[in-house]
Amino acid sequence: MSVPFAARAGRYLFAAIAAMSLAACGFNSVPTKQEAAKAKWADVQAAFQERANLVPNLAAVAKGAAEQEKAILTGVIEARAKATSVQLTADDLDDPAKMQQFQAAQAQFGSSLSRLMVSVEQYPDLKSITNYQMLQSQLEGQENRIRIAIRDYNGAVQDYNTEVRTFPTMIGAKMRGAEPLVPYQAVTPGADVAPSLEGKM
């Protein structure tokens, strides 16, 4: 027995309205924005890892600077080890405690690195070494890349968090169990800013 045209049209209309309702409730937009934020977090991690990768080369050049700088150099190496051991996966981005731990480790590493950079600036022989100049330039560039990656991540987090907290998409977000993500914040003022070496050359 064939279904009357009006009944079929009603079903199609109901299906279309249901699909639009699901779309309005964030069933597609919430995971899309969440994945965008996770991708931006991967950029942040890559930027921090690239900075960590430069330290062994810098340490090798700086070792000859002076005996009293060994404590600073040791501090940098230890801070690097700690910073690279604290991992924050994309699944942890809604955990403020884990984010704070990661931020603290990176801030300590950045602070140690700044102290080393300022310290070695006091040695004219070291400043004139081509390898040191190249590494200094690479580290300054990497700090800028870190800052940009953090800015982009925080922008994606803001976009996602707005989506999961705004009606009607918050309905779909709740149904999916979506939680707001934690933005990256400097643990200490200026910790996310590249150290300035102007006036020390």
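Per an unreviewed UniProt entry, the chain is named LemA family protein, and its organism is Novosphingobium album. Entered under Subcellular location (unreviewed entry) in the UniProt record, the comment concerning the chain runs "Membrane".

Draft legend 1. Region of interest: the nonpolar core. Of all hydrophobic cores here, the largest spans 44 residues; its most connected members are Trp 41, Leu 58, Met 99, Tyr 153 and Tyr 184. Broken down by secondary-structure element, the contributors of at least two residues to this core are helix H2 (29-62), helix H3 (70-85), helix H4 (96-120) and helix H6 (130-165). It is H2 that contributes the most residues to this core, 13 residues altogether. If near-sequence neighbours (up to four positions away) are discounted, Leu 58 is found in contact with Leu 113, Leu 116, Met 117, Tyr 132, Leu 135 and Leu 139.

Draft legend 2. Region of the structure containing the pattern of salt bridges. As enumerated under the stated definition, the model contains 6 salt bridges in all. Where Glu 35 meets Lys 38, a salt bridge forms, and the shortest distance between an N and an O atom there is 3.9 Å. With a gap of 3 residues between them, Glu 35 and Lys 38 both fall in helix H2, about one helical turn apart. Given the relative accessible area of 47%, Glu 35 is considered partly exposed. Across the salt bridge formed by Asp 91 and Lys 38, the nearest N and O atoms sit 3.6 Å from each other. One end of the pair, Asp 91, is in the loop between H3 and H4; the other, Lys 38, is in helix H2, and 53 residues separate them in sequence. Owing to a relative accessible area of 60%, Asp 91 belongs among the exposed residues under this scheme. Owing to a relative accessible area of 19%, Lys 38 belongs among the buried residues under this scheme.

Draft legend 3. Representation of unusual backbone geometry in the model. Of the consecutive residues Phe 167 and Pro 168, the connecting peptide bond is found in the cis state with omega at 5°. With respect to the helices, strands and loops of the structure, Pro 168 is situated in the loop between H6 and helix H7 (169-176).

Draft legend 4. View of the packing of aromatic side chains. Inspection of every chain in the model, using the stated rule, returns 6 aromatic pairs. Relative to Tyr 184, the ring of Trp 41 has its centre 6.3 Å away and its plane inclined at 35°; by these criteria the two rings are tilted. Of this pair, Trp 41 sits in helix H2 while Tyr 184 sits in the segment after H7; the two residues are 143 residues apart in sequence, bridging distant segments of the chain. Judged on exposure class, the residue Trp 41 and its partner Tyr 184 are both buried.

Draft legend 5. Quick look at the side chain of Arg 51. Tracing the backbone shows Arg 51 in helix H2. Using a relative accessible area of 2% as the deciding quantity, one classes Arg 51 as buried. Beyond its immediate sequence surroundings of up to four residues, Arg 51 is in contact with Gln 106, Phe 109, Gly 110, Leu 113, Leu 139, Gln 142, Glu 143 and Ile 146.

Draft legend 6. H3, seen in detail. The terminal C-alpha atoms of H3, which comprises 16 residues, lie 22 Å apart, in line with the 22 Å expected from a rise of 1.5 Å per residue. Buried within H3 are the following residues: Leu 73, Val 76, Ala 79 and Ala 83. One face of H3 carries all of its buried residues, which in axial projection span an arc of 125°. Facing away from the buried side of H3 by more than 90 degrees, the exposed set consists of Ala 71, Glu 78 and Ser 85. In this structure, the buried residues of H3 make contact with H2 and H4.

Parameters at a glance
- In every chain, residue numbers begin from 1 and rise along the written sequence.
- Under the rules for a predicted model, residues below a pLDDT of 70 receive no local features and side-chain atom pairs below 80 are neither given nor counted, while totals for whole chains, interfaces and linings still include all residues.
- Computation of side-chain values covers all heavy atoms of the structure but excludes hydrogens and water.
- UniProt positions are given in the numbering used here, feature names are shortened, and annotations may be inferred rather than shown by experiment.
- For this analysis, a nonpolar core means a set of buried residues of the types Ala, Val, Leu, Ile, Met, Phe, Trp, Tyr and Cys, connected via side-chain atoms within 4.5 Å.
- Only protein chains enter the calculation, and the probe is 1.4 Å; a residue is then buried if its accessible area is under 20% of its type maximum, exposed if over 50%, and partly exposed in between.
- Numbering of helices and strands runs from the N terminus, with a helix taken as a DSSP run of H or I at least four residues long and a strand as a DSSP run of E at least two residues long.
- For this analysis, residues touch if any pair of their heavy atoms sits within 4.5 Å.
- Here, a salt bridge means any Lys or Arg side-chain nitrogen found within 4 Å of an Asp or Glu carboxyl oxygen.
- Stacked, edge-to-face and tilted are the three classes for Phe, Tyr and Trp ring pairs, Trp counted by its six-membered ring, which pair at centre distances within 6.5 Å; planes under 30 degrees apart are stacked, over 60 edge-to-face, the rest tilted.
- Given the number of residues in a helix, its expected span is that number minus one, multiplied by 1.5 Å.
- The arc in question is the one traced by the directions running from the helix axis out to the C-beta atoms.

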